[in-house]
Structure formats: structure tokens, C-alpha cells
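Residue-level listing of the chains:
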Amino acid sequence: MIIFLLALAVRVAAAGIVGFSTLRFGDARGYLFAARTLVTEGRYPDRTDPFHFRAPGYPAFLVAATLGDPDRIVLAKLANILLGSLSPLVLAALSARLFRRRRLAIATGIAGALNPAFVLLSADIQSESLFLLLLLCAAVVLLFLGVVAVFADFFATYPYDEPDFFFLTSPPTTEGRHYFGTDFLGRDSLSRVIYGLR
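Residues numbered from 1 in each chain as written. Predicted model: local features only at pLDDT ≥ 70, side-chain atom pairs only at ≥ 80, totals over all residues. Heavy atoms only, no water.

A. Structural context of the packing of aromatic side chains. If you walk through the whole model with that rule in mind, you get four aromatic pairs. Between Phe154 and Phe155, the ring centres sit 5.3 Å apart and the planes meet at 80°, which makes this aromatic pair edge-to-face. Phe154 sits in the exposed class, given a relative accessible area of 67%. Ring geometry for Tyr160 and Tyr195: centres 5.0 Å apart, planes at 45°, overall tilted. (Phe/Tyr/Trp six-rings, centres within 6.5 Å; stacked < 30°, edge-to-face > 60°. Buried < 20%, exposed > 50% of the residue type's maximum accessible area, 1.4 Å probe, protein only.)

B. Inspection of a nonpolar patch on the surface at higher detail. There is a patch of nonpolar side chains on the surface, built from Val141, Leu142, Phe144, Leu145 and Leu197 and spanning about 460 Å² of accessible area. Tracing the backbone through its elements, the reader meets Leu142 in helix 7 (residues 128-150). (Patch = residues over 30% accessible without salt bridge, like charges linked within 9 Å, V, L, I, M, F, W, Y side chains within 5 Å. Areas by Shrake-Rupley, 256 points an atom, 1.4 Å probe, with all protein chains shown as cover. Salt bridge = Lys/Arg side-chain N within 4 Å of Asp/Glu carboxyl O. Helix = DSSP H or I, 4+ residues; strand = E, 2+ residues; numbered from the N terminus.)

C. Fine view of the packing of helix 1 (residues 2-18) against helix 4 (residues 73-99). Two numbers describe how helix 1 lies on helix 4: the axes approach to 9 Å, and their chain directions differ by 145°. Regarding helix 1 and helix 4, the two cross each other, and that crossing is right-handed. Contacts from Ile3, Phe4, Ala7, Leu8, Arg11, Val12, Ala15 and Val18 in helix 1 reach Lys77, Ile81, Leu82, Gly84, Ser85, Leu86, Pro88, Leu89 and Ala92 in helix 4. Taken together, the residues of the contact of helix 1 with helix 4 break down into 13 nonpolar, two polar and two charged. (Axes fitted to C-alpha atoms, helices over the stretch in contact; angles between N-to-C directions. Left-handed = near helix turned anticlockwise from the far one by under 90°. Contact = heavy atoms within 4.5 Å. Nonpolar A, V, L, I, M, F, W, Y, C, P; charged D, E, K, R; others polar.)

In C-alpha cells:
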């Protein structure tokens, strides 16, 4: 929590220096134009500027963050600041899981909170804060899947090649047996997915 508060304070200070209502990043106007078009026309524009195409993820985020009014620059910047403040927290959690050292995880989180590049990315309307957070979350998911793959014998509910003739081609269920269902030979699909991660 301290890492998040530190990152938040640093990013708010940086946005205050840059200006909460100013646009300094060159692509900010293109993102805002795409967000405005999403709101007014209900579709994504064919072009956001003469030379570049911008993916619709960040403009859609801007629409949600500004409550449907992309001209609220302050709200857009605050949303970017929150995203940028979450990234060091996820980075610290990832470090804690990978290295199993609390001090190293705290140092990683503080380094992420104070990293000048991360701070400047959060101080203006830029897509990098959103994509950095999504990238770090994807790394956490991949780490989890790696652990599941290594310890497949522990996580698999059934052997991957053992048929269950009472449940041939059964659908997915939450009733305690064959959560992903079974195939035409009665083999548990979840176990086959877990072993397939290897």
C-alpha cells in the first residue's frame, strides 16, 4: 500500500508540474479525437491523424475514465495517474513471487514508483500507462500458468489419460466433477489442459 501511495504522490506531483489541463504529448490529441468520435458517433474513426492508426483500447479507456466526456482532461490525467500508480504495485508482487524476497520486492516496487520514465508516462495522456499495467498483469498470469505447469500432478484433478466411461462427452460443470467437461473417451479436459501447459 505504501508503494502505491508513493507512486501516486510522485505522479500527482509530476502531473502538477506538467499541468493537469495541458496536453504535451504529441499523440494525446489523436487519442482524444478517437475518444470523442466513439462518444459522438458510436464508432471508431478510420484515421486518428494523417500518418498513424491508433488502436481503440486506450480511447475506449478514455471514454470510460472521463465518464463519456473526453474533453475532461483532468479526469483523463487522473485515470492515467491511477494506472501508473498500480504498475509498481504489480511489479513488486511479481518480484515477490519470482524471487521470494520481501526486501527485493519492496525495492522493486519503490524503483518502479520513482522511475522517471514511468512517472512521465503517467503525467500526460499516453497509452503506455494502460499497456504497461496490462503487460505486468499478463506476466503475473504467465507466472501462474508456469507454476501450474510445473506442478501439474498437484493441480490436475484426474490423470490426463484415464477415461471415465460414466461421463463420456460431458459438458463443463461446477458440481465437483470434470469442471471443463470430458472428451469423447471420457478423459477430463481440465487435466488435459493442465498437462498440456507443459
